Every structure is written in C-alpha cells, then in structure tokens.
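Structure assessment
Here is what each chain is made of, one letter per residue.
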Amino acid sequence: MEQHIFSSLTPDIILNCAESFSGIRFDGTIVPYNSYVNRVFGLTDEDGGGYVIKFYRPGRWTKEAVEDEHTFLNDCTAAEVPVVPPLEGADKQGMTTGIYTAGGIPVYYALFPRLKARTFDIYTDNDWVRTGRAIGRMHLAGQKRDAPHRLQCTPQQTTIPYINMLLEHNLVTPDLQQEFTGICSSALDYVLDAYASVFGEADENGMYHTAAFQRIHGDCHRGNILEQFISKSPSSVDTEDTSSITLIDFDDMMTGPAVQDLWLLLPGYRKESERELELLLQGYEEFMCPDDTSGNSINGTVPGMRRQLRLIEPLRFMRNIYFLAWTAVQRDDEGFLNRNPDWGSKAFWETEIEDLKTQLGVLEDEYGDEE
C-alpha cells in the first residue's frame, strides 16, 4: 500500500504542502525530477526564485531519521561546507521537516533552494584533488555529532537483511536461488573479515563500536556533485578555480567508514584506480588527519582512511546488493516496469548473478591469500 501513496501527490497537494510549510507563495509551476526512491519536484515562487520539494518514501525513514539528515546538512553549512541545507518552516522554530498524511500514512517532506548548477565532470588532476577536499571538509563536519536514527554502513545492517529480503520474497528466479545464495555467502565471508580486520568484531547485534564510524554521505557518486561557474572579470589573472562544487542529496546518509564516500567516484576497481584514489586522498588529507605509520589516525588509535582502503571492494559488493534490494522495493511503483521491463526475469537475474560472481572473483584475488 505504501508504495502507491505517491500517486496521491496531485499538483494541489504539492503546492499546498510547500506553501503551508514555508509561507512562500509559488506560481503554480511544478517540474517532476528523476528520483526513483523519493518524489522530487521543482517549484518557482512568485518572484522567480527556484526551490525543490522532496517527499520521502513512506516507511523508509522515521521523522527522526530525516531530521538526522537535515542536522548533518546544517552542520555542514555552519562549517562552510558546500551543501544545500533545507529551508526552515514558516514558524521559524527550527523545524525543517513537513508531514503530509495520506491514508493514515505519514509522508515526510522538505524544501530546499534550487541550485543552478550542472553535474561536475571530474577530468583533471585538480578536479580529483578539489573533490577530495570537499569530501574531507564534509567528513570533518560529520565528526561533530552522531546520527542515532540512521543505519550503520555495515554488512549486518545494509547487506545481510537485503539478501534475506530478496530470498524470503522469492524475488530471485527459483532455479537461480542456490547459486545466488552461494555467491552471497562466499562474498560475505570476505566482507565480514575485511570489516573485522579494520574495526574489530561486531557485537551480538551486529553493531561496530569504533570512533572511526562517523556521519557520511553514503551515496557520494558523481551525479551528487554539482558545479557552479564563478564569474571573473576579463582582466583577471587569477589562476584559482573558476567554479565551485557542491555536494547534494544526503538522503542515504549513514554512520560508517569514511571510505564509502570516496570509492564510488573511482573510474574502476581499486587496483585500476590507484592514481585517481591518490589524488582524492591528497585533497582529503588537507582536512582529515592522514594515517600514521601504523595505518591509524586521530591520536594513533582509530583506523585511518588509508587503512580503510581495503574495504573498497567489499563495499562494492555491498553496493551491488543494495541496488538489487532498492529496485525490488520500487517494483510495484507506477511506471517502474515501463522503465525496467526485464526486472525480475530469469535473464535479469542471470546478468545480476554474473556481476556478483565477478565481484566475488575480485574479492578472492585481493584477499584470498590472507586465508
């Protein structure tokens, strides 16, 4: 039922939510944006100002979890990290989350200023370094407090439950389930070993108790980095950057290893991306403590970023499972099968299992000699 709530978002309801929460009058223009998990619309106020309203998928996050995202954005803004913070409600009481109820189910939403920018294309060495700086600044702000209502980015919380969900709902083609289960089981051995080697063993509830876990973006791929160009006078001889970059879409923010926010930017597997990774770290370590000779940072007792690099390929496997699970959640959404006509077919699962098998091979090549 919850997946159909979004169909109730008529233009009148969208505008009413935006205006009643913000106190801003809009001109009635509504532009749907591509967002498959949430629903996002562009709005324009009566003075021509641009805004974005995001309706969070019902049942995914609690109100407190949404507010953890907004707190992180506000902490970044206070630290002058380039992000887009949510608008405060019209009552000016610090509230950044609105609630629309449909069929008794709460749908949380928030408004943001619309940024006039384009996706940042990382081409040059300086682009890589600049991106590393932006993420380093974000992580520095992320250390200021916890996000108690958000998931940990761990196999116990963001991989194993998703594997179980796919199997328990019989979403994997029956005659491929055994192969899927076997590949996942073998890969999880490597993933869990990698986490244990960096952070120690999890407790009986699958939680890791380490100061190295902090607030992270969680979905820091290139599509979530925007570029704005800076106007300079024709006579300027300034050689500094001619654009600024901004990190957006913190909907998947988590608590977890900082390296999660670096590896998604790499052009290939870790071993194929050493140069780009080193440039990212060059910028990153201008703001975050570099590792000491033991691979630790922060007074030499907490696993540093370079020690966390061994998590890159395990995190890639976790990402593959995450993608499968979240497309599964959306499978009954209006228009989903039109966009993904082969989803759930035997051919679909054959392709996905082959990809998982390839990633298992990468894990075996990288860590097999440790056994």
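This is a predicted model, so every value here is computed, not measured.

Helix and strand content of the protein chain: twelve helices and twelve strands. The C-alpha atoms of the protein chain give a radius of gyration of 22 Å, which matches the 21 Å a tight globule of 371 residues would have. For the protein chain, the exposed surface amounts to about 17400 Å²; the carbon and sulfur share of it is 48%. Taking the 31 positively charged and 59 negatively charged side chains of the protein chain as two groups, their mean positions are separated by 4 Å.

Spatially, five strands are ordered E1-E2-E3-E5-E4 in an open sheet, and the strand pairing comes out antiparallel. Both edges of this open sheet fall to strand E1 (26-33) and strand E4 (98-102), since each of them pairs with a single strand only. Ignoring strand direction, the axes of neighbouring strands in this sheet form an average angle of 30°. With five bridges joining them, E1 and strand E2 (residues 39-45) adopt antiparallel strand pairing. Note on E2: the bridge partner recorded for Pro32 is Phe41. Against the sheet, helix H1 (residues 11-22) engages E1, E2, strand E3 (50-55), E4 and strand E5 (105-113), with an angle of about 115° to E1. Strands in contact with helix H2 (residues 63-78) are E3, E4 and E5; relative to E5, the strand with the most contacts, it is inclined by about 10°.

Before going further, it helps to examine the sheet that holds strand E8 (residues 225-229). What the three strands build is an open sheet, ordered E6-E8-E9; its pairing is antiparallel. The sheet is open, and its two edges are formed by strand E6 (118-119) and strand E9 (243-247), each paired on a single side. One ladder, built from five bridges, connects E8 with E9; its direction is antiparallel. Bridging across to E9, Glu227 finds its partner in Ile245. Across the face of the sheet, helix H3 (residues 125-142) comes into contact with E8 and E9 while running at roughly 45° to E9.

Moving on, we come to the nonpolar core. Residues Leu166, Phe180 and Tyr195 are the most contacted members of the largest nonpolar core, which totals 91 residues. In terms of residue count, helix H6 (residues 177-199) provides more of this core than any other element does, eleven residues in total. When residues no more than four places from it in sequence are discounted, the contact partners of Phe180 are Ile163, Leu166, Leu167, Val172, Ile321, Leu324, Trp349, Ile353 and Leu356. Of all hydrophobic cores here, the second largest spans 22 residues; its members include Leu15, Phe21, Leu87 and Ala102.

A word on empty space enclosed by the protein. According to the stated counting rule, one finds two cavities of 30 Å³ or more in the structure shown. In this structure, the largest cavity encloses a volume near 100 Å³. Around the largest cavity, the lining residues are Cys153, Thr158, Gly218, Asp252, Met254, Gln260, Leu315, Met318, Arg319 and Tyr322. Of all the elements, helix H10 (residues 312-329) adds the most residues to the lining of the largest cavity, at four residues. Residues that form the lining of the largest cavity fall into these classes: five nonpolar, three polar and two charged. Approximately 40 Å³ is the volume found for the second largest cavity. As for the second largest cavity, its lining consists of Arg60, Trp61, Leu151, Tyr162, Asp252, Met253, Met254, Tyr322 and Trp326. Taken together, the residues that form the lining of the second largest cavity break down as seven nonpolar, no polar and two charged.

All of the buried residues in helix H5 (residues 160-168) are Tyr162, Ile163, Met165 and Leu166. Along H5, the residues classed as buried sweep out an arc of 160° about the axis, all on the same side. In the core, the buried residues of H5 are packed alongside helix H4 (155-158), H6, H10 and helix H12 (346-367). Two residues or fewer after H5 comes Asn170, characterised by a positive phi angle close to 55°.

In terms of burial, E5 is largely enclosed, as seven of its nine residues are buried. Alignment of E3 against E5, held across five bridges, turns out to be antiparallel. Bridging across to E5, Val52 finds its partner in Phe112. In terms of strand pairing, E4 meets E5 through five bridges, oriented antiparallel. Note on E5: the bridge partner recorded for Ala102 is Ile105. With antiparallel pairing between neighbouring strands as the criterion, E4 and E5 make up a hairpin whose turn holds two residues, including Gly103 at a positive phi of roughly 60°.

Bringing the pattern of salt bridges into the picture now. Summed over the entire model, instances satisfying the criterion amount to 24 salt bridges. Connected through shared salt-bridge partners, Lys54, Glu69, Arg150 and Asp249 make up one network.

Here we come to the packing of H2 against H3. Two elements in contact, H2 and H3, have axes separated by 9 Å at closest approach and are oriented at 115°. Considered as vectors, H2 and H3 are oriented roughly perpendicular to each other. The hand of the H2/H3 crossing is right-handed. From H2, Phe72, Asp75 and Cys76 reach across to H3, where they touch Met138, Ala141 and Gly142. Residues that form the contact of H2 with H3 fall into these classes: four nonpolar, one polar and one charged.

Each value, and the rule that gives it
- Residues numbered from 1 in each chain as written.
- Predicted model: local features only at pLDDT ≥ 70, side-chain atom pairs only at ≥ 80, totals over all residues.
- Heavy atoms only, no water.
- Helix = DSSP H or I, 4+ residues; strand = E, 2+ residues; numbered from the N terminus.
- Rg over C-alpha atoms; globule rule 2.2 N^0.38 Å.
- Areas by Shrake-Rupley, 256 points an atom, 1.4 Å probe, with all protein chains shown as cover.
- Lys, Arg positive; Asp, Glu negative; His and termini not counted.
- Charge placed at Lys NZ, Arg CZ, Asp CG, Glu CD.
- Pairing = 2+ DSSP bridges.
- Axes fitted to C-alpha atoms, helices over the stretch in contact; angles between N-to-C directions.
- Contact = heavy atoms within 4.5 Å.
- Core = buried A, V, L, I, M, F, W, Y, C linked by side-chain atoms within 4.5 Å.
- Buried < 20%, exposed > 50% of the residue type's maximum accessible area, 1.4 Å probe, protein only.
- 1 Å grid on protein atoms, 1.4 Å probe; cavity = no way out; pocket = protein on both sides within 12 Å on 5 of 7 lines; lining within 4 Å.
- Points joined across faces, edges and corners; volume = space filled by probe spheres on them.
- Nonpolar A, V, L, I, M, F, W, Y, C, P; charged D, E, K, R; others polar.
- Arc of directions from axis to C-beta.
- Salt bridge = Lys/Arg side-chain N within 4 Å of Asp/Glu carboxyl O.
- Parallel < 35°, antiparallel > 145°, perpendicular 65-115°, else oblique.
- Left-handed = near helix turned anticlockwise from the far one by under 90°.

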